[in-house]
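# Structure assessment
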Amino acid sequence: MSFYPTDKIALFIDGANLYSAAKALNFDIDYRKLLDEFRKRGILIRAYYYTALVEGDDYSPIRPLVDWLDYNGFALVTKTAKEYTDSQGRKRWRGDMDIEIACDMMEMAGNADHLVLFSGDGDFRRLIEAVQRKGCRVTVVSTVKSQPPMTSDELRRQADTFVDLADLASVVGRPRQNQQNNPKFVNAEDFDDA
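Presented here is a report on the structure given in the accompanying data block.

Criteria and cut-off values
- Residues numbered from 1 in each chain as written.
- Predicted model: local features only at pLDDT ≥ 70, side-chain atom pairs only at ≥ 80, totals over all residues.
- Heavy atoms only, no water.
- Salt bridge = Lys/Arg side-chain N within 4 Å of Asp/Glu carboxyl O.
- Buried < 20%, exposed > 50% of the residue type's maximum accessible area, 1.4 Å probe, protein only.
- Helix = DSSP H or I, 4+ residues; strand = E, 2+ residues; numbered from the N terminus.
- Pairing = 2+ DSSP bridges.
- Axes fitted to C-alpha atoms, helices over the stretch in contact; angles between N-to-C directions.
- Phe/Tyr/Trp six-rings, centres within 6.5 Å; stacked < 30°, edge-to-face > 60°.
- Polar contact = N/O pair within 3.5 Å; in protein donor to acceptor, adjacent residues only side chain to side chain.
- Contact = heavy atoms within 4.5 Å.

## Here we look at the pattern of salt bridges
- In this structure the tally under the stated criterion is 12 salt bridges.
- Notably, a salt bridge pairs Arg 90 with Asp 86, separated by 2.8 Å at the nearest N-O pair.
- We classify Asp 86 as buried; its relative accessible area is 14%.
- For Arg 125, the salt bridge goes to Glu 129, with nearest N and O atoms at 3.5 Å. Highlighted residues: Arg 125 and Glu 129, both in helix α5 (residues 125-133), separated by 4 residues, approximately one helical turn.
- Taking the relative accessible area as the measure of exposure, Arg 125 reaches 25% and is therefore partly exposed.
- By relative accessible area, which is 25% here, Glu 129 ends up partly exposed.
- Connected through salt bridges with shared partners, the residues Glu 37, Lys 40 and Arg 41 form a single ionic network.

## Some remarks on the sheet that holds strand β8 (residues 137-142)
- Taken together, 6 strands build an open sheet; the order of strands is β4-β3-β1-β7-β8-β9 and the sheet is parallel. Strands with a single pairing partner mark the edges of an open sheet, and in this sheet they are β4 (75-80) and β9 (161-164). Strand-to-strand twist across the sheet, computed as the mean angle between neighbouring axes with direction ignored, equals 15 degrees.
- Pairing analysis gives 6 bridges linking strand β3 (residues 43-53) to β4, with the strands arranged parallel. Bridged to Tyr 49 within β4 is Leu 76.

## Looking at unusual backbone geometry
- Look at the link from Gln 147 to Pro 148: it is a cis peptide, with omega at -5 degrees.
- For Pro 148, the location among the structural elements is in the loop between β8 and α6 (153-158).
- Even without being a glycine, Asn 26 presents a positive backbone phi close to 65 degrees.
- Within the secondary structure layout, Asn 26 lies in the loop between α1 (15-24) and β2 (27-29).

## Describing the packing of aromatic side chains
- The full count for this structure, using the stated rule, is 6 aromatic pairs.
- Judged by centre distance (5.9 Å) and plane angle (85 degrees), the ring pair of Tyr 31 and Phe 74 falls under edge-to-face. One end of the pair, Tyr 31, is in helix α2 (residues 31-41); the other, Phe 74, is in the loop between α3 (63-71) and β4, with 43 residues separating them in the sequence.
- Classification of Tyr 31 by relative accessible area gives buried; the value is 8%.
- Relative to Tyr 50, the ring of Tyr 48 has its centre 5.9 Å away and its plane inclined at 25 degrees; by these criteria the two rings are stacked. For the pair formed by Tyr 48 and Tyr 50, the shared burial category is buried.

## Structural notes on the pairing of β9
- By the bridge criterion, 4 bridges tie β8 to β9 in an arrangement that is parallel. Bridge pairing in β9 links Thr 139 to Thr 161.

## Notes on the pairing of strand β1 (residues 8-14)
- Counting buried residues in β1 gives 6 out of 7 residues, a clear majority hidden from the surface.
- The pairing of β1 with β3 spans 7 bridges and is parallel. Paired with Lys 8 across the strands is Ile 43, a residue of β3.

## Brief notes about the side chain of Ser 119
- As for its placement among the helices and strands, Ser 119 is situated in the loop between β7 (114-118) and α5.
- A distance of 3.5 Å separates a polar atom in the side chain of Ser 119 from a polar atom in the side chain of Asn 17.
- In terms of polar contacts, Ser 119 uses its side chain to reach the backbone amide nitrogen of Asp 121, at 3.2 Å.
- Ser 119 has contacts with Asp 14, Asn 17, Phe 124, Val 140, Val 141, Ser 142 and Leu 155, leaving out every residue within four places of it along the chain.

Structure follows, in structure tokens:
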């Protein structure tokens, strides 16, 4: 990653997308290490974390993470996920955060030099192009080293720099915790971006 020491940096983390990419690479993100890494690379002015939350559950496994992030330097952007049943009869949730990410990136483009998007969603290609026209450099963090790849080719080509999450595993990762025994655990793949 190419950052200048005086760069004002803003992070935009699509929580479900980053979770899925890290899971595909068989590690979990250590968010304290992630913040520390980007604080070393410039002046970190904001770290946004976007996620949809399932309301009504007495216990949500994402709640401790969201609370920790909120108290440890992240700007949380959340909304209520909408529940539905897919064609195979599985319970799924819809909680697309694309508009929230796009609005915040456009707003921060006037205040930051370097925007870092943690998502492989090709829908963000045009957004990246727009903030680049405002003078920002954009790094995309996702992975092509999973099966299937988690990043669209168009997004990688539009970014100033693409960083494969697999290459950051030793810097911001930790071994995966087994959450399969928890019946109330909501996996990121249960969320539909549509």
